[in-house]
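# A look at the structure
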Amino acid sequence: MLKKVILCSVVLGLLALPALGQAIPKDTLVVGADMGIIVDLDPSRAYEVFTNVVIEQLYDNLVDFEGTFDVIKPALAESWEALDDGTTWRFYIRKGVPFHSGNEVTADAVVFSFTRALALDFAPIWMLDQYVPTADNIKKIDDYTVDVTFKIPFSEGLMGAIMGVQGICGIIDPSVVEAHKTGDDPWANKWLQFHDAGSGPYKLVEWLPNDRVVLEGFNDYWDGPPETKNVTIIDIPERAQQRVALENGTIDLAWNLLPEAIDEFKTKEGFTVYETPSWSIDYVAMNAGMEPFGNPLVRKAIKYAIDYDAIVEGIMSGAAIVGQTFIPTGIPGHLEATPYHKDVEKAKQLLVDAGYPDGFSTQIVCQPTSPRKDIAVQVQQDLAEIGVEAEVVQLIAAQMYTLYRNQAHYIIVAGWGVDYGHGDSLVKPFAHCCSTGADAPVRQLKWRNKSANCPLTAVVDASEAEVDEAKKLQMYEYIQQEVLDDGPFAILFYPLNQFASADYVKDFVPMFSESYTEFCGIYKE
Amino acid sequence: MIGYMVRRLLWMVFVIFGVMTLTFFIARVIPADPVAAVLPSNAPDEAIEKERERMGLNKPIWVQYGRYISGILRGDFGVSIRTRQPVIEDLIRYFPATAELALTSLLMGTAIGLTLGVISAVKQGKIADHAGRVFAIWGLSMPAFFTGLMLVILFSHLLRWFPQLGQMPAYLRRPPHITGFLILDTMIAGNWRLVVTELRHLVLPAFTLGWLSTASIVRITRSSMLEVFPEEYIKTARMKGLRESRVVLKHALKNAMLPTITVIGLRVASLLEGAVLTETVFSWPGLGRYGVSSFLSIDFPAVVGVTIFIAFLYSFCNLIVDLLYGYLNPKIRYM
């Protein structure tokens, strides 16, 4: 009996040894993030934000951006110029840049990468093929020069935004693809799902779904080897666990903390908090095809009924900034205007003017997750104050977006992530709708809300063709003002990207778009 | 015995086929578009249509069902809409982590449950009895995410006895993939220091999950023991002068084990349910998290794959329990 007790004590003692000598090594950065969204690391398929955070470390594009997205900086292309009217752009590729395999990045690799992305034709390709429809649009001039011909003349800003799209415009090593292609899979898509063929600052060591992504610094990186040799991103879906993990030193940097935790880390010694507005928008939309939202006065009444401050300060705990225009802060062309605030009397009067003195009944759909469901309840309460009785229906994303795409909602609480860093990616979804039928060329948010406006749609089309960047941005401001006045959207806020790290983590630069975050400049003191 | 097993196996096939068909159709009557779940909400309609065609979801439902059944008969569970991997490969990838967690938690739950059950029976009505039962009921009543977080705060954050999450520290490299079972692979690699680290990582999630099983095991062990204590052979054993511990553990417990075995057998499959929350709380890369993500994405092939797998495991455990009956009690005969 005594022997058993001793044995048990030894085993338990071994297992319960305090975490001695278990600090993270200085050359390794451990990031905790909810990365269940990652399903494929082939750049031609990368669409989700966090997938692109990883893609950003592995692949380079021809061009990149400074912190704010209005300055395009050289990447694999050291310079570029517009030929003729801006329809064709010529890129001069940096010489002597190696891929992770050791092969050199050349014009052939650039042509191959675009050809591959277009041939694979995965979901995110629309961002490229809307302007570069076929591989014939990309031509090798010599080993280090490539011409890209767009469908319409491009301003430099739009050229940079499109060529800077991660994943589909990332440059891939053709010889690696060649080595791993099969009869069924001529572009080695299956192999690239779990491996990399890039020239970025990090090489992919392994990706274990729902577990971790392990990256190793690429010493021959053209812009110098990364400051931190190893980066491991571990999957921590529970936000509360990310907080504990940061506190007890299991991770160096937490990606998805709750606003309350961020507030605590702001005042806690030994930690640093980073905040920046994000490339996303949260909004309430009203379906103009459903009565009574076809009436602009009703839509305006709803916009004046909503308590924006309560949503930002109460529900979002300050992790957002009030914004009411659809191009968020940080993207050129953003219009700074917040005319709507809670004004019950004005909202009631608008309802009287619209012919609804006694209010009406309606329905609000949202996802069953915070903060959207909380926002829906807040809006429900706000509408009750002006006599509008709204039922809140919670649906999982797959159900809600099916309903939305079928134009079958009344009021919806939803969000929108920016696809690429230019107003062009937003004016079409939020302002392009001349017909509400299935024949419409753009069936995005304005179409889903059956809010046709042909003159405004003509301005959107004209803005696309405008080559002068300054004039283009002026047109975007006009379009935003029109949508603000008359559109079906009550844009509530722009969420903040919030992160926290141990204070020995230096030079972490948060980006408007999380997916452009670079790990290569980060180091540990 | 052989005939009984064959009948049971046929019944198992029937049950699994039924589960498969029901799941297939239930998943499809939900008014939700799996493509909308997989692609970002801002994907344009053309991208959605392209993806739907790629997934074969534009075909009539009977065609999809026919393809699915014929696929399964050939051992092909289809390709997951979300992960874009063959479902069978996903199941193989995620199962080992869950199996390690579930088996450890079952061992922990059984050891604690049996011990508390015996103590409660021996000390019936006394403080140890009440304390044991309160402990067991507590584990059953508290949701795993709460228990898990509390254990993390106490044993990981404050006391720093056990690691907080994952199967191993983030900064260490995994051993070469041989069996998929991390601890086994680490043993094969001969890295015993890492084995101890991995066992330490296993303690909190396994205890969280095992605690769920404790309540039913305590209750059934206690009541079975109390039924056995008045039996003549126990009295005889005591009269022979055997030590009380020997009477309780060798004579009473062995005879009281039959209902306990049933409960333990049924808990094996139920552990997979508990694993869903436990794996999320402890960032454990297992089948539970895979299942949840698949359900939320309306990932038809993965949902049906996970469901068939759990149905199979449930039926298999029932069969094993039935066969164990005969071993433990020779009076039972199979018809």
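Residues numbered from 1 in each chain as written. Chains lettered and ligands numbered in written order. Predicted model: local features only at pLDDT ≥ 70, side-chain atom pairs only at ≥ 80, totals over all residues.

## Some details on the overall build of chain A
For chain A, the helix and strand inventory stands at 18 helices and 20 strands. At 25 Å, chain A has a C-alpha radius of gyration in line with the 24 Å of a compact globule built from 525 residues. Principal-axis analysis of the C-alpha atoms places the extent of chain A at approximately 80 × 80 × 45 Å. (Helix = DSSP H or I, 4+ residues; strand = E, 2+ residues; numbered from the N terminus. Rg over C-alpha atoms; globule rule 2.2 N^0.38 Å.)

## Let's talk about the overall build of chain B
A tally of regular secondary structure across chain B gives 13 helices and 0 strands. Ordered by position from N to C terminus, the α and β elements of chain B give α-α-α-α-α-α-α-α-α-α-α-α-α. Of the contacts formed within chain B by residues at least 6 apart in sequence, a portion of 72% connects residues at least 24 apart. (Contact = placed C-beta atoms within 7 Å.)

## A word on helix 2 (residues 49-58) of chain A
Residues and elements named next belong to chain A. A large share of helix 2 lies buried, amounting to 9 of its 10 residues. When helix 2 is considered as a whole, its buried residues turn out to be F50, T51, N52, V53, V54, I55, E56, Q57 and L58. On the buried face of helix 2, the contacting elements are strand 1 (28-33), strand 8 (202-208) and strand 9 (212-217). (Buried ≥ 20, exposed ≤ 12 C-beta atoms within 10 Å, placed from the backbone.)

## Observations concerning the interface of chain B and chain A
On the side of chain A, 51 residues touch chain B, which itself brings 49 residues to the contact. Of all elements in the fold, only helix 2 (34-38), helix 3 (45-55), helix 7 (144-158), helix 9 (192-228), helix 11 (244-281) and helix 12 (287-296) of chain B reach the threshold of two or more residues within the side of chain B that touches chain A. Here the residues of the side of chain B that touches chain A are counted per class, giving 28 nonpolar, 11 polar and 10 charged. (Nonpolar A, V, L, I, M, F, W, Y, C, P; charged D, E, K, R; others polar.)

## Things to note about the packing of helix 5 (residues 87-122) of chain B against helix 12 of chain B
Residues and elements named next belong to chain B. At a minimum axis separation of 7 Å, helix 5 and helix 12 run at an interaxial angle of 130 degrees. By the angle between their directions, the pair helix 5 and helix 12 is classed as oblique. In this structure, helix 5 contributes D90, Y94, F95 and T98 to the contact, and helix 12 contributes L287, G288 and Y290. Each residue belonging to the contact of helix 5 with helix 12 can be placed in one class, and the counts come to 4 nonpolar, 2 polar and 1 charged. (Axes fitted to C-alpha atoms, helices over the stretch in contact; angles between N-to-C directions. Parallel < 35°, antiparallel > 145°, perpendicular 65-115°, else oblique.)

## Structural notes on the pairing of strand 9 of chain A
All names here are of chain A. Relative to strand 9, strand 8 runs antiparallel, the two sharing 6 bridges. Along strand 9, the bridge assignment pairs E206 with V214. Between strand 8 and strand 9, which follow one another and run antiparallel, lie 3 residues, and N210 among them has a positive phi close to 60 degrees. Relative to strand 10 (residues 230-235), strand 9 is paired through 5 bridges, and the arrangement is antiparallel. (Pairing = 2+ DSSP bridges.)

## Notes on the nonpolar core
Membership of the largest hydrophobic core comes to 235 residues, with the highest contact counts inside it found for A:L128, A:I162 and A:Y283. For A:Y283, the residues in contact, after removing those within four places along its chain, are A:A414, A:W416, A:F489, A:A490, A:I491 and A:L492. (Core = buried A, V, L, I, M, F, W, Y, C linked by C-beta atoms within 7 Å.)

## Observations regarding helix 5 of chain B
The first and last C-alpha atoms of helix 5 of chain B sit 49 Å apart over 36 residues, in line with the 52 Å expected at 1.5 Å per residue. A bend of about 35 degrees at B:F95 is the largest found in helix 5 of chain B, and the proline B:P96 appears one to four places after it. (Expected span 1.5 Å × (residues − 1). Bend = angle between axes of the 7 residues up to and from the residue.)

## Here's the deal with the packing of helix 17 (residues 454-465) of chain A against helix 18 (residues 469-486) of chain A
Packed helices, taken two at a time, are described by the angle their axes make and the gap between the axes. Residues and elements named next belong to chain A. Between helix 17 and helix 18, the shortest axis-to-axis distance is 10 Å and the interhelical angle comes to 160 degrees. By the angle class used here, helix 17 and helix 18 are roughly antiparallel. Here helix 17 and helix 18 pass one another in a crossing that is left-handed. In contact with L456, V459, V460, A462 and S463 of helix 17, helix 18 contributes K472, M475, Y476, Y478, I479 and E482. Across the contact of helix 17 with helix 18, the residue classes break down as 8 nonpolar, 1 polar and 2 charged. (Left-handed = near helix turned anticlockwise from the far one by under 90°.)

## Re unusual backbone geometry
Residue and element names in this part refer to chain A. Note that the residue after E291, namely P292, is joined by a cis bond; omega there is 5 degrees. Checked against the element boundaries, P292 lands in the loop between strand 13 (280-286) and helix 10 (296-305). That bond from S370 to P371 is cis: its omega, 5 degrees, falls within 30 degrees of zero. Here the phi dihedral of Q407 falls at roughly 55 degrees; this positive angle occurs in a residue that is not glycine. Along the chain, Q407 turns up in the loop between helix 14 (397-405) and strand 17 (411-417). What makes Q407 partly exposed here is the crowd of 16 C-beta atoms within 10 Å.

## With respect to the confidence of the model for chain B
Scored by pLDDT, chain B comes out at a mean of 83, with 93% of its residues at no less than 70. Here helix 2 of chain B stands out as the least confident element of chain B, with mean pLDDT 67; helix 8 (residues 182-188) of chain B is the most confident, with 93. (pLDDT = per-residue confidence, 0-100.)

## Some details on the confidence of the model for chain A
Looking at chain A as a whole, its pLDDT mean stands at 91, while 95% of the residues score no less than 70. The weakest mean pLDDT in chain A belongs to helix 1 (residues 2-15) of chain A at 54; the strongest belongs to strand 11 (residues 253-254) of chain A at 97.

## Re the sheet that holds strand 6 (residues 138-142) of chain A
Residues and elements named next belong to chain A. The sheet built from 4 strands is open, its strands ordered 4-5-7-6 with antiparallel pairing. Two strands close off the open sheet at either side, each with one partner strand: strand 4 (77-83) and strand 6. The average undirected angle you get between the axes of adjacent strands in this sheet is 25 degrees. When strand 6 meets strand 7 (residues 145-149), the two strands line up antiparallel, connected through 4 bridges. For I138, the partnering residue across the bridge sits in strand 7 and is V148.

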